[in-house]
Amino acid sequence: MKYRILAIETSCDETAAAVYQTERGVCSNVLFSQIELHRQYGGVVPEIASRSHIEKIPYIVSEALTDAQVTLDDIDVIAVTNRPGLPGSLLVGISYAKALAYAKSKKLVAVNHIEGHIFSSFLEATPPFPHLCLTASGGHTSLYLVEDFGCYQEIGTTADDAAGEAFDKVAKLMDLGYPGGPRIEQLASEVGFQDFYRYPRLKKKDLQFSFSGLKTAVLYDLVNKGAYDLTKKKFLAGDNKRLHQEVASSFLVCMGDILVDRLQRAYSAYPAVKAVTFVGGVACNRYLADRVAQWTQSARCLCIIPPRKFCTDNAAMVAFVGHYRAQQGLFEDLTLDIW
Ligand code: KG4
Ligand code: ZN
């Protein structure tokens with residue numbers, strides 16, 4: 001069946017909508033990022049996120065339709081993220097999607113946000129099955145064995161923080177602002193991505209991740225250097241640019257070693273895989289993307305990393321998953337809820 005899908009994504013701090021058509025692929029991809037609203041709090045404030053989604057969603061959906069040169073009447077299916085995410089934010093998206101589906105008699109498809117990230121690599125490429133997918137974002141970090149559309153299994157995940165969360169927490173320690181990833185990457189690039197402090201790499205034999213130890217190692221390194229007051233929870237070296245650069249760079253290199261190590265292990269454990277994909281907000285990091293690409297080259301394995309606009313949260317990935325779920329006949333009724 002051919003479908004024209006309108007997708008809605010409001011799981012965290014981006015209000016996003018996209019239109020996807022069987023013959024044309026992504027026809028539009030529109031997004032409002034709430035980063036500026038949350039920056040002063042050093043992280044996403046759920047209440048502010050929900051209110052902003054309510055304010056923006058009608059305009060974002062209408063812009064996505066206009067950009068795709070279609071109207072709501074041309075849409076066959078509404079796809080919406082219903083899990084996982086901030087409950088208040090998810091509710092705005094699914095309530096809006098359900099209202100549209102009811103008022104305009106459209107079919108409704110529910111999409112798992114993580115599945116959206118996993119299949120974001122298909123928006124501009126065609127990864128062969130089976131492949132390994134490393135998903136690293138602010139809320140999740142996992143390795144998946146991807147065998148077909150909608151058919152994937154988690155083979156490793158984080159025992160504590162997500163990779164993006166570790167970037168954000170380390171940046172917060174040094175008052176670098178939110179989100180931390182881009183600032184840490186910038187500082188590390190200024191000193192050539194060198195490993196100054198050799199933060200500990202967790203010696204694990206399985207495919208699990210753990211990043212809270214790395215964050216704690218950075219914290220105690222700053223304390224030992226007299227750059228952080230533990231009792232007042234205060235960074236004391238705001239004017240020491242070199243320290244910022246060295247810590248950021250050492251942290252980033254350590255993160256690169258951990259991610260490549262787990263990919264290597266997974267590749268040995270599943271020798272049938274034909275490709276590796278690296279997705280999620282953390283895959284925007286050029287250094288990490290290069291490390292993953294270099295390793296895949298040495299392993300003679302195909303590497304696919306989506307463009308940045310599809311790595312961070314977006315509705316195009318929700319539309320892609322919504323499209324194959326519609327083709328699989330996986331529709332919902334109006335009792336659809338968030339999980
Ligand atoms: O996928 P995403 O947009 O939202 C979630 O689903 O969480 O990922 C956001 C995360 C944030 O933690 C942010 O710090 C991280 O991705 N991030 C980066 C970079 N750009 C964004 N991490 C490392 N380097 C970057 N350049
Ligand atoms: Zn995400």
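Keep in mind that what you see is a predicted model, and the values were worked out from it rather than measured.

Trainee: Mind showing me how you'd approach the pattern of salt bridges here?
Mentor: Any two side chains of opposite charge can pair, given that their charged atoms come close. Using the criterion set out here, one finds 17 salt bridges in the structure. For Lys2, the salt bridge goes to Glu23, with nearest N and O atoms at 3.6 Å. Placement of Lys2 in the segment before β1 (4–9) and of Glu23 in the loop between β2 (14–21) and β3 (25–33) is noted, with a sequence separation of 21 residues between them. On the basis of relative accessible area, Lys2 is assigned to the exposed category, the value being 56%. Lys225 serves as the salt-bridge partner of Asp221, at 2.6 Å between the closest nitrogen and oxygen. Asp221 sits in the buried class, given a relative accessible area of 15%. The class for Lys225 is partly exposed, based on a relative accessible area of 37%.

Trainee: Would you mind going over the environment of Arg291 with me for this structure?
Mentor: Position of Arg291 among the secondary structure elements: in helix α9 (residues 286–298). With 13 residues separating them in the primary sequence, Arg291 and Ile304 have C-alpha atoms 13 Å apart. One polar contact links Arg291 to Asp257, side chain to side chain, over a distance of 2.6 Å. At 2.8 Å, the side chain of Arg291 forms a polar contact with the side chain of Tyr287.

Trainee: Can you help me understand the layout of surface pockets in this one?
Mentor: The method is simple in principle: a probe with the dimensions of a water molecule rolls over the atoms, and the space it marks as empty is what remains. Approximately 1,000 Å³ is the volume attributed to the largest pocket. Around the largest pocket sit 37 residues that line it, and Ser137, Gly138, Asp168, Tyr178 and Pro179 are the ones nearest its centre. It is helix α5 (residues 163–173) that provides the largest number of residues to the lining of the largest pocket, a total of six residues. The class makeup of the residues in the lining of the largest pocket is 13 nonpolar, 15 polar and nine charged. Counted as a void, the second largest pocket has a volume near 290 Å³.

Trainee: Help me understand the packing of aromatic side chains, please; the structure alone is not making it clear to me.
Mentor: Any aromatic ring pair is given by two values, namely how distant the centres are and how the planes are angled relative to each other. Throughout the structure, instances matching the rule amount to 20 aromatic pairs. Ring geometry for Tyr3 against Phe331: centres 6.3 Å apart, planes inclined by 70°, an arrangement best described as edge-to-face. With Tyr3 in the segment before β1 and Phe331 in the segment after α11 (316–327), the pair connects residues that are 328 residues apart, well separated along the chain. Owing to a relative accessible area of 9%, Tyr3 belongs among the buried residues under this scheme. Overall, Phe331 belongs to the partly exposed group, its relative accessible area being 28%. Look at Tyr144 and Tyr152: their rings are 5.7 Å apart centre to centre, the planes differ by 75°, and that puts the pair in the edge-to-face class. When the ring centre of Phe32 is taken as origin, the NZ or CZ atom of Lys56, which lies over that ring, is 4.6 Å away.

Trainee: Can you help me understand the sheet that holds strand β5 (residues 107–112) in this one?
Mentor: Backbone-to-backbone hydrogen bonds pair the strands of a sheet. The strands run either parallel or antiparallel. Across the sheet, five strands lie side by side as β3-β2-β1-β4-β5; this open sheet has mixed pairing. Strands with a single pairing partner mark the edges of an open sheet, and in this sheet they are β3 and β5. Taking each pair of neighbouring strands and ignoring which way they run, the sheet shows an average axis angle of 20°. As judged from the four bridges shared by β1 and strand β4 (residues 77–83), these two strands associate in the parallel manner. Its bridge partner being in β4, Ala7 is matched across the sheet by Ala79. Relative to the sheet, helix α2 (residues 46–67) contacts β1, β2 and β3, its axis offset from that of β2 by approximately 25°. Contacts from helix α3 (residues 87–104) reach β1, β4 and β5 within the one sheet, and its direction differs from that of β4 by about 155°.

Cut-off values and rules
- Residues numbered from 1 in each chain as written.
- Chains lettered and ligands numbered in written order.
- Predicted model: local features only at pLDDT ≥ 70, side-chain atom pairs only at ≥ 80, totals over all residues.
- Heavy atoms only, no water.
- Salt bridge = Lys/Arg side-chain N within 4 Å of Asp/Glu carboxyl O.
- Helix = DSSP H or I, 4+ residues; strand = E, 2+ residues; numbered from the N terminus.
- Buried < 20%, exposed > 50% of the residue type's maximum accessible area, 1.4 Å probe, protein only.
- Polar contact = N/O pair within 3.5 Å; in protein donor to acceptor, adjacent residues only side chain to side chain.
- 1 Å grid on protein atoms, 1.4 Å probe; cavity = no way out; pocket = protein on both sides within 12 Å on 5 of 7 lines; lining within 4 Å.
- Points joined across faces, edges and corners; volume = space filled by probe spheres on them.
- Nonpolar A, V, L, I, M, F, W, Y, C, P; charged D, E, K, R; others polar.
- Phe/Tyr/Trp six-rings, centres within 6.5 Å; stacked < 30°, edge-to-face > 60°.
- Lys NZ or Arg CZ within 6 Å of the ring centre and 35° of its normal.
- Pairing = 2+ DSSP bridges.
- Axes fitted to C-alpha atoms, helices over the stretch in contact; angles between N-to-C directions.
- Contact = heavy atoms within 4.5 Å.

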